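If you want the building blocks of each chain, they are given just below.
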Amino acid sequence: MIKLIIILSFIRHSALKKEAREKKYKRSRQREKILDILHTSSIHPTAAWIYERLKEEIPDLSMGTIYRNLNILIEQRLVRKIDFGSTFDRFDANVDPHYHFICEKCGAIIDLDLPIDASLNEMVNKKTQFRAKRHRIEFYGLCNKCAQKQYEGK
Ligand SMILES: [Zn+2]
Ligand SMILES: [Zn+2]
């Protein structure tokens, strides 16, 4: 009997926690739209690009709303921000670790279907006093379209 009560209170506790989490992030149509757009585009868009795509559909949308919702999605671990130093942030709905290819001509950022090389972390750990937990790799060059254009001399 005691065991049952413990189990029941555990279930109740986790249900309450879930409710609290959902309340914190009241479901928002705007946020769902932003996530949709990130899932359906593979270009790792900027916040401004998302705004351009949604502003007609959602007339009261502002850049502030876009940033606020993107930050919530990041906190919920549904979206990842890719920070490229001086240029503006790009957003990625693919939150699994993956490498990127960046076109130096048109700026496209493309997901690469390559295995993550954990031995790189080990190499850092072996050769230094640091403890590497993860790493990020970007390959730079020309995307298909830009390579084709260069080949055709355009
Ligand atoms: Zn390109
Ligand atoms: Zn990506």
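Calculation notes
- Residues numbered from 1 in each chain as written.
- Chains lettered and ligands numbered in written order.
- Predicted model: local features only at pLDDT ≥ 70, side-chain atom pairs only at ≥ 80, totals over all residues.
- Axes fitted to C-alpha atoms, helices over the stretch in contact; angles between N-to-C directions.
- Helix = DSSP H or I, 4+ residues; strand = E, 2+ residues; numbered from the N terminus.
- Parallel < 35°, antiparallel > 145°, perpendicular 65-115°, else oblique.
- Left-handed = near helix turned anticlockwise from the far one by under 90°.
- Contact = placed C-beta atoms within 7 Å.
- Nonpolar A, V, L, I, M, F, W, Y, C, P; charged D, E, K, R; others polar.
- Expected span 1.5 Å × (residues − 1).
- Core = buried A, V, L, I, M, F, W, Y, C linked by C-beta atoms within 7 Å.
- Buried ≥ 20, exposed ≤ 12 C-beta atoms within 10 Å, placed from the backbone.
- Pairing = 2+ DSSP bridges.
- Arc of directions from axis to C-beta.
- pLDDT = per-residue confidence, 0-100.

## What to know about the packing of helix α2 (residues 29-40) against helix α3 (residues 47-54)
To describe two helices that pack against each other, one gives the angle between their axes and the distance between the axes. With their axes 11 Å apart at the nearest point, α2 and α3 run at an angle of 110° to one another. As judged from the angle between their axes, α2 and α3 are roughly perpendicular. Between α2 and α3 the crossing geometry is right-handed. Residues K33, I34 and I37 of α2 touch α3, and the partners they reach there are I50, R53 and L54. A breakdown of the residues in the contact of α2 with α3 according to their chemical character gives four nonpolar, no polar and two charged.

## Let's talk about α2
The end-to-end C-alpha distance of α2 is 16 Å, a good match for the 16 Å that twelve residues give at a rise of 1.5 Å each. In the core, the buried residues of α2 are packed alongside α3, α4 (63-75) and β2 (90-92).

## Focus on the nonpolar core
For soluble globular proteins, the rule of thumb is that nonpolar side chains tend to be buried together. Counting eight residues, the largest nonpolar core consists of I34, L38, I50, I66, L70, L73, V79 and F91. Elements with a contribution of two residues or more to this core: α2 and α4. A per-element tally of this core places α4 first, with three residues. Apart from residues lying up to four places away in sequence, L73 is in contact with R31, I34, L35, L78 and V79.

## Remarks on the pairing of strand β4 (residues 109-112)
Bridging between strand β3 (residues 99-103) and β4 involves four bridges; their strand directions are antiparallel. Looking across to β4, one finds that I102 is bridged to I109. Counting the residues in the hairpin turn of β3 and β4 gives five residues, including G107, whose phi is positive at 80°.

## A short note on the sheet that holds β3
Across the sheet, three strands lie side by side as β4-β3-β5; this open sheet has mixed pairing. The sheet terminates laterally at β4 and β5 (138-141), the two strands that pair on one side only. Neighbour-to-neighbour, the strand axes of the sheet open up by a mean angle of 25°, direction not taken into account.

## Some points on α4
Along its 13 residues, α4 runs 18 Å from first to last C-alpha, staying within 8% of the 18 Å computed at 1.5 Å per residue. I66, N69, L70 and L73 are the residues of α4 that are buried. Buried residues of α4 fall within an arc of 105° about the axis and therefore sit on the same side. When the buried face of α4 is taken as reference, the exposed residues oriented beyond 90 degrees from it are G64, N71 and E75. Where α4 is buried, its residues touch α2, α3 and β2. Downstream of α4 by a residue or two, R77 has a phi angle that is positive, lying close to 60°.

## Examining the confidence of the model for the protein
Mean pLDDT for the protein: 86, with 81% of residues reaching 70 or above. Here helix α1 (residues 2-24) is the element of the protein with the lowest mean pLDDT, 56, and helix α5 (residues 119-127) is the one with the highest, 96.

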